[in-house]
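Structural features, examined
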Amino acid sequence: MGVLSGFPDGFVVGVSTASYQIEGAVHEGGRGASIWDTFAHTPGKTLGGDTGDVACDHYHRFGEDVELMAALGVDAYRFSIAWPRIQPDGTGAPHPDGLGFYDRLVDALLARGIAPTPTLFHWDLPQALEDQGGWLSRETALRFGEYAGHVADRLGDRVSRWITLNEPIVHMAQGYAFGTHAPGRELMLGALPVAHHQLLGHGLAVQALGGAPEVMITNNCTPVQAASDDEADRVAAMVYDGFHNRLFNDPLFLGEYPEFLAPGLAEVVRDGDMATIRTDGGALGVNYYNPTRVAAAEGDLPFETRPIEGVPTTAFGWPVVPSGLHDLLVGLKDRYPNLPSVYITENGCSVEDRLDDQFRIDYLDGHLGAVRRAIADGVDVRGYFVWSLLDNFEWAEGYRQRFGLVRTDFDTLARTPRDSYRWLQAALRERG
Ligand code: IFM
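Everything numeric here is computed off the predicted structure, so don't read it as measured data.

1. Structural notes on the overall build of the protein
Helix and strand counts for the protein stand at 15 helices and 13 strands. Computed over the C-alpha atoms, the radius of gyration of the protein is 20 Å, within 12% of the 22 Å expected from 2.2 N^0.38 for a compact globule of 432 residues. Across its three principal directions, the C-alpha atoms of the protein cover 50 × 50 × 45 Å. Residues classed as buried in the protein amount to 60% of the 432 residues present. Separation between the mean location of the 34 positive side-chain charges and that of the 59 negative ones in the protein comes to 4 Å.

2. Some points on helix 13 (residues 322–335)
With 14 residues, helix 13 ought to run about 20 Å at 1.5 Å a step, and its terminal C-alpha atoms sit 20 Å apart, in line with that. Residues of helix 13 that are buried include every one of G324, L325, H326, L328, L329 and L332, and no others. Where the residues of helix 13 are buried, they touch helix 10 (231–253), strand 7 (283–287), strand 10 (341–346), helix 14 (358–376) and strand 11 (381–387).

3. Some details on the nonpolar core
As a rule of thumb, soluble globular proteins bury nonpolar side chains together. If you look at the biggest cluster of nonpolar residues, it comprises 133 residues, and the most contacted ones within it are L120 and W135. A per-element tally of this core places helix 10 first, with 9 residues. Discounting residues that sit within four places of it in the chain, L120 has contacts with I81, F144, Y147, A148, V151, W162, I163, T164, A205 and L209. One finds V12, M216, Y343 and F385 within the second-largest nonpolar core, a separate group that totals 7 residues.

4. Some remarks on the environment of W123
Within the fold, W123 resides in the loop between strand 3 (115–121) and helix 6 (127–130). In sequence terms W123 and H181 are 58 residues apart; their C-alpha atoms lie 9.3 Å from each other. If near-sequence neighbours (up to four positions away) are discounted, W123 is found in contact with I35, W36, N166, E167, V170, H171, H181 and W395. There is a polar contact of 2.9 Å between the side chain of W123 and the backbone oxygen of N166.

5. So, the packing of helix 3 (residues 58–72) against helix 5 (residues 96–111)
Relative orientation of the contacting elements helix 3 and helix 5 amounts to 15 degrees, with a least axis distance of 10 Å. In terms of orientation, helix 3 and helix 5 fall into the roughly parallel class. Classified by chirality, the crossing of helix 5 by helix 3 is right-handed. Note on element contacts: helix 5 touches helix 3 through F101, R104, L105, A108 and L109, opposite H58, Y59, F62, V66 and M69.

6. Details of the packing of helix 3 against helix 15 (residues 419–431)
Across the interface, helix 3 lies against helix 15 with an axial gap of 8 Å and an inter-helix angle of 50 degrees. Considered as vectors, helix 3 and helix 15 are oriented oblique to each other. Note on element contacts: helix 15 touches helix 3 through Y421, L424, Q425, L428 and R429, opposite L68, A71 and L72. Of the residues belonging to the contact of helix 3 with helix 15, the class tally is 6 nonpolar, 1 polar and 1 charged.

7. Considering helix 10
Counted at 1.5 Å a residue, the expected span for helix 10 with its 23 residues is 33 Å, but the 29 Å between its end C-alpha atoms falls short. Taking the largest bend as the criterion, helix 10 deviates by roughly 60 degrees, centred on R246. Just beyond helix 10, the residue with positive phi is G255, at close to 75 degrees.

8. Some details on the site of the ligand
Taken together, Q21, H122, W123, N166, E167, Y289, W318, E346, W387, E394, W395 and F403 make up the full set of residues near the ligand. Separating a nitrogen atom of the ligand from a side-chain N or O atom of E167 is a distance of 2.8 Å. In the complex, 95% of the free accessible area of the ligand, which totals 280 Å², lies under the protein chains. Here the shell around the ligand is composed, by residue class, of 6 nonpolar, 3 polar and 3 charged.

9. A closer look at the sheet that holds strand 9 (residues 303–306)
In spatial order, the strands read 6-8-9; together these 3 strands make up an open sheet with mixed pairing. What marks the edges here is a single partner per strand, and that holds for strand 6 (224–226) and strand 9. Averaged over neighbouring strand pairs, the angle between their axes works out to 40 degrees when direction is ignored. Pairing of strand 8 (residues 292–296) with strand 9 involves 4 bridges; the strand directions are antiparallel. Paired with V294 across the two strands is T305, which belongs to strand 9. Set on the sheet, helix 10 makes contact with strand 6, strand 8 and strand 9; between it and strand 8 the angle comes to about 125 degrees.

10. Some words on the state of the cysteines
Note on terminology: disulfide describes a covalent bond linking the sulfur atoms of two cysteines. Applying the stated rule across the entire model yields 0 disulfides. C56 takes part in no disulfide bond, and the closest cysteine sulfur, belonging to C349, lies 17 Å away. No disulfide involves C221; its sulfur sits 19 Å from the nearest other cysteine sulfur, which is in C349.

11. Comments concerning the sheet that holds strand 1 (residues 12–16)
The strand order around the closed barrel built from 8 strands is 1-2-3-4-5-7-10-11, with neighbouring strands paired in parallel fashion. Neighbour to neighbour, the strand axes of the sheet diverge by 25 degrees on average, direction disregarded. Two elements, strand 10 and strand 11, share 3 bridges in a ladder whose sense is parallel. Looking at the pairing, V342 lines up with V381 of strand 11. The strands that helix 5 touches are strand 2 (76–80) and strand 3; relative to strand 2, the one it contacts most, it runs at about 170 degrees. Contacting strand 5 (214–220) and strand 7, helix 10 crosses the sheet at an angle of about 160 degrees to strand 5.

How each quantity is defined
- Residues numbered from 1 in each chain as written.
- Predicted model: local features only at pLDDT ≥ 70, side-chain atom pairs only at ≥ 80, totals over all residues.
- Heavy atoms only, no water.
- Helix = DSSP H or I, 4+ residues; strand = E, 2+ residues; numbered from the N terminus.
- Rg over C-alpha atoms; globule rule 2.2 N^0.38 Å.
- Buried < 20%, exposed > 50% of the residue type's maximum accessible area, 1.4 Å probe, protein only.
- Lys, Arg positive; Asp, Glu negative; His and termini not counted.
- Charge placed at Lys NZ, Arg CZ, Asp CG, Glu CD.
- Expected span 1.5 Å × (residues − 1).
- Contact = heavy atoms within 4.5 Å.
- Core = buried A, V, L, I, M, F, W, Y, C linked by side-chain atoms within 4.5 Å.
- Polar contact = N/O pair within 3.5 Å; in protein donor to acceptor, adjacent residues only side chain to side chain.
- Axes fitted to C-alpha atoms, helices over the stretch in contact; angles between N-to-C directions.
- Parallel < 35°, antiparallel > 145°, perpendicular 65-115°, else oblique.
- Left-handed = near helix turned anticlockwise from the far one by under 90°.
- Nonpolar A, V, L, I, M, F, W, Y, C, P; charged D, E, K, R; others polar.
- Bend = angle between axes of the 7 residues up to and from the residue.
- Near = heavy atom within 4 Å.
- Areas by Shrake-Rupley, 256 points an atom, 1.4 Å probe, with all protein chains shown as cover.
- Pairing = 2+ DSSP bridges.
- Disulfide = S-S within 2.5 Å.

Put into structure tokens, the structure is as follows:
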């Protein structure tokens, strides 16, 4: 059976990227500074001092990248829009050059039969908004709603599938709690308001997108296992699940925060917010990479992660557990009977720098199989996007971790398709 057989008609297969990770051209087209420009240029924050100044130079080479996708045969492309290109200071009239860039990208995709699937926020917040508190401030949620409106006004006639924010848990935890990502704040539990303000921004963006057929937030989800049957480890696993998964899914589908986290959010939640956040219909974007094994700990946080033994690991050291994706999807459906349709908006792996990447082929094959089984078990999964089209700037890890179906030479910026690209191309051709 072909890897793409057995999926429902219309199942979308796509590839995924993000603005700061691929675009470069950080001083062109009127773009303002983002928190990632600031962070990456701060000594010691990224591996080898790498920055996104040039990245894959997609800003200038997007035509070549669209041709790569067309030749691959994908149905859709998930990219992100850099907010500082649209509003250099995070507020006010949209910059025509910023809108113009994404307008041309959308037209180029449509001309090749590829459905544009933009994400409005993939972590590159305008620095000017961070200077006023960033996502710790309610104002940023309001500004996000306005920004979404500007983008919708320009692209809404041609884009029908939208993603509001990417992985709010990762942005909150790494950006505001631990300081390992921009904006580099180390507030630990003081970062919690960032969760609410991002979710509120999502709800306001849904309103601004005014009835677009498919609007979703993309949550990074992980099935959580307790490291042992001990009561303390089981409690630690529940707490971890609460922070990582339920904090961002419960408000969407249950209209409330997990009970143990609600008191920490009481000060920032205002009347009407939960109704703005709650989703009826729409869709959910899920990014899945691996399950997480958790044990009790004594420290600032009551849990710590432990390695998952006995499975292969990616170049990043992440465990490869395709069945975790099936279990995650079925678990979401069990917890939320009103779960809308789901898109796997990211799944993929970093592999050492080589063109014969059988490891990635096996990874994708296994995870697509897990999605197929979840559909057979009743989860309404409508699509699957590989992370990523190209090797790109992997945040604090710089350019070392390579996630691309296509290799990027970061000296010449030449793109070279890998074996995994050819494998997916053949599967898409066979599917027809
Ligand atoms: O590169 C990231 C992406 O920006 C968000 N999800 C996880 C990917 C791999 O770490």
